[in-house]
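Survey of secondary and tertiary structure
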Amino acid sequence: MTDTTNEVDVQLATRAAELATSWVSADTPLTDVQGWKLVALQHAGSAHMEMFMWDAVRAWERKLATVLAEEDGTPESRERSAHARATAMTAMRDMVLRGIPRGRRVNDIWRDGEGPDPREELRQFVASHA
């Protein structure tokens, strides 16, 4: 992988993570559709691994939503919320970034290299939710 490809991957994953993080609020949980989209970007490769990825997405959401629910309008709580959003965004970016090589590997193993390009799926996710 070239530095340029890596930089583009990080930019795409960061944008996807920003979008996903914006879905989380103190009052409204992720929908199943939103959760599945986030799990799909991680390219589990098996139902067994999807289970772990669902757990990671739900834990990610719960951690952020808990901090957001505690916001009381004070500067300190707004700062905690901003920090929690930034931390959540970074965590989701990393989850999505790990999905790119997994997606290529899944394509090679299960689809003879003919499956969807994980980068293109990521681009489509960003385009459809921006």
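For the structure itself, consult the block above.
First, a word on what this report is: a plain description of the structure on this page. Keep in mind that this is a model prediction, so the values were computed, not measured. (Residues numbered from 1 in each chain as written. Predicted model: local features only at pLDDT ≥ 70, side-chain atom pairs only at ≥ 80, totals over all residues. Heavy atoms only, no water.)

1. So, the environment of leucine 19
Checked against the element boundaries, leucine 19 lands in helix H1 (residues 3-22). When its relative accessible area of 7% is taken as the criterion, leucine 19 is described as buried. Linking leucine 19 and alanine 130, residues 111 residues apart in sequence, is a C-alpha distance of 7.1 Å. Not counting chain neighbours up to four residues away, the residues in contact with leucine 19 comprise Val126, His129 and Ala130. (Helix = DSSP H or I, 4+ residues; strand = E, 2+ residues; numbered from the N terminus. Buried < 20%, exposed > 50% of the residue type's maximum accessible area, 1.4 Å probe, protein only. Contact = heavy atoms within 4.5 Å.)

2. Digging into the environment of leucine 68
As for its placement among the helices and strands, leucine 68 is situated in helix H3 (residues 47-69). Along the backbone, leucine 68 and arginine 78 are ten residues apart, and their C-alpha atoms lie at a distance of 8.6 Å. Leucine 68 has contacts with Val24, Ser25, Ala26, Ser81 and Arg85, leaving out every residue within four places of it along the chain.

3. Comments concerning the pattern of salt bridges
If the charged atoms of two oppositely charged side chains come close together, the side chains can form a pair. Summed over the entire model, instances satisfying the criterion amount to seven salt bridges. Its salt-bridge partner being arginine 58, residue glutamate 61 comes within 3.2 Å of it at the nearest N-O pair. A residue pair is termed a helical-turn pair when its members lie 3 or 4 positions apart in one helix, as glutamate 61 and arginine 58 do in helix H3 at three residues. For glutamate 61, a relative accessible area of 8% gives the class buried. A salt bridge links aspartate 117 to arginine 123, with the nearest nitrogen and oxygen atoms 3.8 Å apart. A relative accessible area of 35% places arginine 123 in the partly exposed class. Overlapping salt bridges bring together Asp32, Arg58 and Glu61 as one network. (Salt bridge = Lys/Arg side-chain N within 4 Å of Asp/Glu carboxyl O.)

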